[in-house]
Amino acid sequence: MVQHTILLEFAPDLNALHGGKRLTDGLSAAVQIGDALWLANDESLSLEKLSRLPDSVERVRFGCHQQVPLSDFLQLPLPPDPDAPDGQKIQEADVEGLAYHDGYLWLVGSHSLKRKKPDPQATAEKNSNRLTKVTGDGNRYLLARIPWQAATQALARTDDHERRSAARLSGTAHGNELTQALADDEHIGPFLAIPGKDNGFDIEGLAVTDDRAFIGLRGPVLRGWAIILELALEQTEAFTLSLKPIGSSGRRYRKHFLDLRGLGLRDLCVWGSDLLILAGPPLAQAGPFSVFRWPGGAESRGGDASTFNDDLPVVFDLPVSEREQPEGITLFSSGAGSDPQLLVVYDSTSPSRRASANAVKADLFALTGRAGHF
């Protein structure tokens, strides 16, 4: 089913994370802008820019790795602390979605709580205690956009010529305007205090259209139904976004319920008027993973929607190993006139996907037909 693979080459000095981990071990989101791929690792506080290299005989290649700290553009709830011990200098943003629209690069953090993992070397008592510990990273409450300057092929905190600035949804290290709006929601509110990997509130997808942002939830999944939130945002002051009411009710979001065969959302992207949905297990378990198409999903509706499985065709299932977790999708173009393709990047990469210590392979899948037609 995989049409091609592409090679993602990272700079050795930038690939290292705390605790001996590497950026290449877990890519959580991707978006193509021109000849560049922008990528995120969910344990960092930066974005990674890879540029198109001359193709090899075997595959398309991206490299010339540049690391872009989010703190260079956004006022983070918990900015990096250079005086903290190694491994504690940053609180991760857990970036799980990237999108590009109308001159802005958009990003979203998971907004989720986390539960401490059991340790194979620990006693049963210690592991029992570990499973009681639930914490949150303040930088996860991040929904933001950063201006993209085509002339320089770079991001900018401010763009005086276009009168644009970077901005994030107003909030603190304990939540933001979105979590406040959802606190009393009859479906989602009770799950805000539950860790993401326990079927709690967990954002893992982002798609942006003309005046809407669509937020895909890995959890909660309610009786097998996944949820997409539709938001309308406006910049109310310098560097600050706010939610606008949608419709006559005055509520600042819409809920769309989708029957994805019990799966939660792992990522979203716009294809014409449709939304392509990467779906996988809401809990910490292996597969299955599939890409669904929601016809007309990128179009704003008059209210909440419920879409049954018969109206959500499967574009393809992803053949993955037990350890692999497909986490990010983006439309991919090899050049003018090329057929549409979907790029998939992975978290928990298998050894077969690692081309070297600092390079991994991502998959390209063909998209047959055209947007809105299969």
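In short, a report on the structure. Since the structure is predicted, the reported quantities are computational estimates derived from the model, not experimental observations. (Residues numbered from 1 in each chain as written. Predicted model: local features only at pLDDT ≥ 70, side-chain atom pairs only at ≥ 80, totals over all residues. Heavy atoms only, no water.)

Overview of the overall build of the chain
Okay, so step 1: Of the regular secondary structure elements, the chain holds three helices and 31 strands.
Okay, so step 2: By the compact-globule yardstick of 21 Å for 374 residues, the chain fits well, its C-alpha radius of gyration being 20 Å.
Okay, so step 3: Counting only C-alpha atoms, the chain reaches 55 × 55 × 45 Å along its principal axes.
Okay, so step 4: Buried positions account for 54% of the 374 residues belonging to the chain.
Okay, so step 5: Excluding contacts between residues fewer than 6 apart, the proportion of contacts in the chain whose partners are at least 24 apart in sequence is 60%.
Okay, so step 6: By element, 48% of the accessible surface of the chain is carried by carbon and sulfur atoms, the whole surface being about 16100 Å².
Okay, so step 7: Here the chain holds 38 positive side-chain charges and 49 negative ones, and the gap between their average locations is 3 Å. (Helix = DSSP H or I, 4+ residues; strand = E, 2+ residues; numbered from the N terminus. Rg over C-alpha atoms; globule rule 2.2 N^0.38 Å. Buried < 20%, exposed > 50% of the residue type's maximum accessible area, 1.4 Å probe, protein only. Contact = heavy atoms within 4.5 Å. Areas by Shrake-Rupley, 256 points an atom, 1.4 Å probe, with all protein chains shown as cover. Lys, Arg positive; Asp, Glu negative; His and termini not counted. Charge placed at Lys NZ, Arg CZ, Asp CG, Glu CD.)

Some remarks on the nonpolar core
Okay, so step 1: Counting residues in each nonpolar core, the largest one holds 29 residues, and the members touching the most others are Leu 206, Ile 215, Leu 229, Leu 231 and Leu 233.
Okay, so step 2: Elements with a minimum of two residues in this core: β7 (104–109), β14 (167–169), α3 (177–182), β17 (202–208), β18 (213–222), β19 (225–231) and β21 (240–243).
Okay, so step 3: What Leu 206 contacts, discounting residues up to four positions off in sequence, is Gly 97, Leu 98, Ala 99, Trp 106, Leu 107, Val 108, Leu 143, Ala 213, Phe 214, Ile 215, Asp 267 and Leu 268.
Okay, so step 4: In this structure, Leu 76, Leu 142, Ala 144 and Ile 146 belong to the second largest nonpolar core, which totals 24 residues. (Core = buried A, V, L, I, M, F, W, Y, C linked by side-chain atoms within 4.5 Å.)

Focus on empty space enclosed by the protein
Okay, so step 1: One pass over the structure, following the stated rule, counts one cavity of 30 Å³ or more.
Okay, so step 2: Taken as a whole, the largest cavity holds about 40 Å³ of empty space.
Okay, so step 3: In terms of lining, the largest cavity is formed by Leu 8, Leu 27, Val 344, Val 345, Tyr 346, Thr 349, Arg 353, Val 360, Lys 361 and Ala 362.
Okay, so step 4: Of all the secondary-structure elements, those providing two or more residues to the lining of the largest cavity are β29 (341–347) and β31 (359–366).
Okay, so step 5: Its residues assigned to classes, the lining of the largest cavity comprises seven nonpolar, one polar and two charged. (1 Å grid on protein atoms, 1.4 Å probe; cavity = no way out; pocket = protein on both sides within 12 Å on 5 of 7 lines; lining within 4 Å. Points joined across faces, edges and corners; volume = space filled by probe spheres on them. Nonpolar A, V, L, I, M, F, W, Y, C, P; charged D, E, K, R; others polar.)

Describing the layout of surface pockets
To find leftover empty space, a probe the size of one water molecule is rolled over the atoms.
Okay, so step 1: Taken as a whole, the largest pocket spans an internal volume of roughly 1600 Å³.
Okay, so step 2: Along the walls of the largest pocket sit 46 residues, with Lys 21, Asp 42, Glu 43, Lys 117 and Lys 197 positioned nearest its centre.
Okay, so step 3: At three residues, strand β8 (residues 113–115) tops the list of elements feeding residues into the lining of the largest pocket.
Okay, so step 4: Per-class residue counts for the lining of the largest pocket are nine nonpolar, 12 polar and 25 charged.

Looking at the pairing of strand β10 (residues 143–149)
Okay, so step 1: The buried fraction of β10 is high, at six of seven residues.
Okay, so step 2: Here β10 runs beside β14; their pairing, made up of two bridges, is antiparallel. Following the sheet pairing, Arg 145 is matched in β14 by Ala 167.
Okay, so step 3: Where β10 lies against strand β11 (residues 154–155), two bridges are found, and the strand directions are antiparallel. Bridge pairing in β11 places Trp 148 opposite Leu 155.
Okay, so step 4: Taking the residues that link successive antiparallel strands as the turn, the β10-β11 hairpin has four residues, and the phi of Gln 153 there is positive, at about 55°. (Pairing = 2+ DSSP bridges.)

A short note on the packing of aromatic side chains
Okay, so step 1: Across all of its chains, the model carries four aromatic pairs by this definition.
Okay, so step 2: Seen from their ring centres, Phe 62 and Phe 332 are 6.0 Å apart, and the 75° between their planes marks the pair as edge-to-face. Of the two residues, Phe 62 is situated in strand β5 (residues 60–69) and Phe 332 in strand β28 (residues 325–332); the sequence distance between them amounts to 270 residues. Accessibility assignment for this pair places Phe 62 and Phe 332 in one class, buried.
Okay, so step 3: When the centroid spacing of 4.8 Å and the interplanar angle of 90° are considered together, the rings of Trp 225 and Phe 308 count as edge-to-face. One end of the pair, Trp 225, is in strand β19; the other, Phe 308, is in the loop between β26 (305–307) and β27 (314–317), with 83 residues separating them in the sequence.
Okay, so step 4: Exposure remark for Phe 308: the relative accessible area of 52% places this residue in the exposed category.
Okay, so step 5: Here Arg 353 stacks its cationic end above the ring of Tyr 346, 3.8 Å away from the centre of that ring. (Phe/Tyr/Trp six-rings, centres within 6.5 Å; stacked < 30°, edge-to-face > 60°. Lys NZ or Arg CZ within 6 Å of the ring centre and 35° of its normal.)

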